Amino acid sequence: MNATGIIPILFHENGWKDLNAQQLQNGFDALAEGQAMMRLIAELYPICRSITGDGLRETLRLLQKEIPLELREVPTGTQVFDWTVPKEWNIRDAYVKNAKGERVIDFQKSNLHVVNYSVPVRRRMGLAELKEHLHTLPAHPDWIPYRTSYYKEDWGFCLSETQLAGLKDEEYEVCIDSTLEDGNLTYGEYFLPRETRDEVLISCHACHPSLCNDNLSGIALAVSLARALQAAPRRYSYRFLFIPGTIGAITWLAKNEAKIGNIKHGLVLTGVGDAGALHYKKSRKGAAEIDRAAAHVLRHSGQPHEILEFSPYGYDERQYCSPGIDLSVGRLSRTPHGTFPEYHTSADNLEFVHADKLGQALAASLEILSVLENNGRYVNLNPKCEPQLGKRGLYRMVGGTAEAGISEMAMLWVLNQADGKNSLLDIAERSGKRFEAIRKAAEALEEHNLLRKELKSVPQAAR
Ligand SMILES: [Zn+2]
């Protein structure tokens, strides 16, 4: 028996109400939520993460204190679609010492100083040879760039232009105390079930070392979302993935092909803590329900925002939206990656992310999910001319009383458009009203037996 679609009935029989924006806002303190996210970001910030290895594991274990995340290990060499799970990288220390034995580049001061995935090195060399392995950012002479070499065995150091200018022409001792060996790729997965198999995917990358916006802000938002949803009645199951970028998404998809069909909507979360406006990047489909829900919420947020068309460049939406997978997965960020100078540098630090911005991103995400949770089709049970609202007390409810909070116009829109074909989101879009106003109107009309939720998805045998 297919359980899908039975759940809404059970909810109502049990007196459950779906997750909705009003419920979410009750007692919701965006700034306090953002401050909690900042504390998690500060705790994770010093760890040297990569696409594999103990820094990634340590990060995921710290997240287990927040949510019951399961850690999964996928062995090196595992074939995942066109890719192969790489060797596992670990690092204990790295430095460049000058002739006096002073550490002029020191991994212990910043893990960005080492090119991520550098192979082990223990050699002496002159400045000219060393320079072939040094990376700086001349445009920002005090910042350290972030560089990786995952799929080409290489080594290098990153440093500020100012530091480079101080290096004399002498012999240096170069040490990278790392290992690159057969091991595992680790990722974290938290599945928050509902009886229905339909699920929402929330995905973030967790492979960047000491970088706050690009990496940690998305992780913190996903954790806060998971905690909020744990406590809320909900229609969908939720699957949270904390994965190394690209290879992690490819690995999960390759190993879970049977589950892909259950994912009805999804969000990739990253870069949500900077001072810029929220940006939603549409899925490859372009007009999926998540695309419309996100655009609707941002449009009604009263905050500056941007809606971006899909492009095959970015974060893991690239994998989720590849043509053979083609999930309805969009991306929520603030300033798009690569368009702000702090991106992939030491300036993407604890000062670059802000508690209020993180809290607002959480509120927006929850509101987007509440649209998905509550978006249904209804049938007007009195479709021949308008029903008489006054005799049912609905007109008085309307009479401008703020506490009732039901808009007469919203009720008229719902009654007019509820033909079993239009969803509440369709009605919200057509009327220009906020989804929450339309949902409340539908709820009031349903209570007065003027509206019935369309339960087309319930199999006859299950009734
Ligand atoms: Zn990045």
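How each quantity is defined
- Residues numbered from 1 in each chain as written.
- Predicted model: local features only at pLDDT ≥ 70, side-chain atom pairs only at ≥ 80, totals over all residues.
- Heavy atoms only, no water.
- Helix = DSSP H or I, 4+ residues; strand = E, 2+ residues; numbered from the N terminus.
- Buried < 20%, exposed > 50% of the residue type's maximum accessible area, 1.4 Å probe, protein only.
- Contact = heavy atoms within 4.5 Å.
- Lys, Arg positive; Asp, Glu negative; His and termini not counted.
- Charge placed at Lys NZ, Arg CZ, Asp CG, Glu CD.
- Expected span 1.5 Å × (residues − 1).
- Disulfide = S-S within 2.5 Å.
- 1 Å grid on protein atoms, 1.4 Å probe; cavity = no way out; pocket = protein on both sides within 12 Å on 5 of 7 lines; lining within 4 Å.
- Points joined across faces, edges and corners; volume = space filled by probe spheres on them.
- Phe/Tyr/Trp six-rings, centres within 6.5 Å; stacked < 30°, edge-to-face > 60°.
- Donors = N, O, S within 2.8 Å, 3.2 Å for Na, K, Ca; no water.
- Pairing = 2+ DSSP bridges.
- Axes fitted to C-alpha atoms, helices over the stretch in contact; angles between N-to-C directions.
- Parallel < 35°, antiparallel > 145°, perpendicular 65-115°, else oblique.
- Left-handed = near helix turned anticlockwise from the far one by under 90°.
- pLDDT = per-residue confidence, 0-100.
- Salt bridge = Lys/Arg side-chain N within 4 Å of Asp/Glu carboxyl O.

### Some words on the overall build of the protein chain
Helix and strand content of the protein chain: 16 helices and 19 strands. Considering only C-alpha atoms, the protein chain reaches an extent of 90 × 45 × 35 Å along its principal axes. For the protein chain, with 463 residues in total, the buried portion stands at 56%. Within the protein chain, contacts between residues separated by at least 24 positions form 79% of all contacts whose residues are at least 6 apart in sequence. Across the protein chain, the centroid of the 54 positively charged side chains sits 6 Å from that of the 59 negatively charged ones.

### Description of helix H7 (residues 212–230)
With 19 residues, H7 should reach 27 Å at 1.5 Å per residue; the first-to-last C-alpha distance of 25 Å fits that figure. Here H7 lies mainly inside the structure; 16 of its 19 residues are buried.

### Quick notes on the state of the cysteines
Throughout this description, disulfide means a covalent bond between two cysteine sulfur atoms. One pass over the full model with this rule turns up 0 disulfides. In this structure cysteine 48 is not part of a disulfide, and its nearest cysteine sulfur, from cysteine 158, lies 11 Å away. Here cysteine 321 stays free of any disulfide, with the sulfur of cysteine 204 as its closest cysteine sulfur at 16 Å.

### Looking at empty space enclosed by the protein
Tallying each qualifying case throughout the model produces 1 cavity of 30 Å³ or more. The calculated volume of the largest cavity comes to roughly 60 Å³. Together, Asn213, Asp214, Thr270, Gly271, Tyr315, Ser333, Thr335, Pro336, His337, Phe340 and Tyr343 line the largest cavity.

### Some details on the packing of aromatic side chains
Tallied over the entire structure, the rule returns 8 aromatic pairs. Relative to tyrosine 151, the ring of tryptophan 83 has its centre 5.5 Å away and its plane inclined at 80 degrees; by these criteria the two rings are edge-to-face. Of this pair, tryptophan 83 sits in strand E3 (residues 83–84) while tyrosine 151 sits in the loop between strand E7 (134–135) and strand E8 (157–158); the two residues are 68 residues apart in sequence, bridging distant segments of the chain. Classification of tryptophan 83 as partly exposed rests on a relative accessible area of 32%. A relative accessible area of 47% places tyrosine 151 in the partly exposed class. Arranged with centres 6.4 Å apart and planes meeting at 80 degrees, the rings of tryptophan 155 and phenylalanine 157 form a pair that is edge-to-face.

### Description of the coordination of the zinc ion
Donor atoms from the polypeptide that coordinate the zinc ion comprise His208 (NE2), Asp214 (OD) and His344 (NE2), at 1.9 to 2.1 Å from the metal. When the donor residues of the zinc ion are listed from N- to C-terminus, their spacing reads H-x5-D-x129-H. The two residues histidine 208 and aspartate 214 agree in class, both being buried.

### Digging into the sheet that holds strand E18 (residues 419–423)
Here we have 3 strands laid out as an open sheet, ordered E18-E17-E19, and antiparallel in their pairing. Every interior strand has two partners, whereas the edge strands, E18 and strand E19 (451–453), have only one. Direction aside, neighbouring strands of the sheet carry axes that sit 35 degrees apart on average. Here 2 bridges tie strand E17 (residues 377–380) to E18, and the two strands are oriented antiparallel to one another. Bridging across to E18, arginine 377 finds its partner in serine 423.

### Structural notes on the packing of H7 against helix H12 (residues 355–374)
Contact geometry for H7 and H12: axes closest at 10 Å, N-to-C directions at 50 degrees. With respect to H12, the element H7 is oriented oblique. The handedness of the crossing between H7 and H12 is right-handed. On H12, the residues that touch Ser217, Leu221, Ser224, Leu225, Ala228 and Leu229 of H7 are Leu358, Ala361, Leu362, Ser365, Leu366 and Leu369.

### Quick look at the confidence of the model for the protein chain
Mean pLDDT over the protein chain works out to 92, with 90% of the residues at or above the 70 mark. Scored below 50 in pLDDT, residues 1–17 shows 29 contacts in the model against residues more than four places distant or in partner chains. Low confidence marks residues 457–463, where pLDDT is under 50. Its contacts with residues over four positions away, or in another chain, come to 11 contacts.

### Considerations on the sheet that holds strand E5 (residues 103–106)
In spatial order, the strands read E5-E4-E9-E6; together these 4 strands make up an open sheet with antiparallel pairing. Unpaired on one side and paired on the other, E5 and strand E6 (121–126) mark the two borders of the sheet. Across this sheet, the average inter-strand angle for adjacent strands is 20 degrees, counted without regard to direction. Looking at chain direction, strand E4 (residues 88–97) and E5 are connected through 3 bridges and run antiparallel. In the sheet register, tyrosine 95 faces E5, and the bridge partner there is aspartate 106.

### Considerations on the pattern of salt bridges
A full pass over the atoms with the stated rule returns 28 salt bridges. With its nearest N and O atoms 2.9 Å apart, the salt bridge here joins glutamate 317 to lysine 281. Of this pair, glutamate 317 sits in helix H11 (residues 317–320) while lysine 281 sits in strand E14 (residues 278–281); the two residues are 36 residues apart in sequence, bridging distant segments of the chain. Here glutamate 317 and lysine 281 have matching classes, each one buried. The salt bridge partner of arginine 439 is glutamate 443, with a shortest N-O separation of 3.4 Å. You can see arginine 439 and its partner glutamate 443 sitting in helix H16 (residues 435–447), 4 residues apart, about one turn around the helix. Look at glutamate 443 and you get partly exposed, because its relative accessible area is 23%. One salt-bridge network, held together by shared partners, links Glu70, Arg72, Glu189, Glu199 and Arg239.

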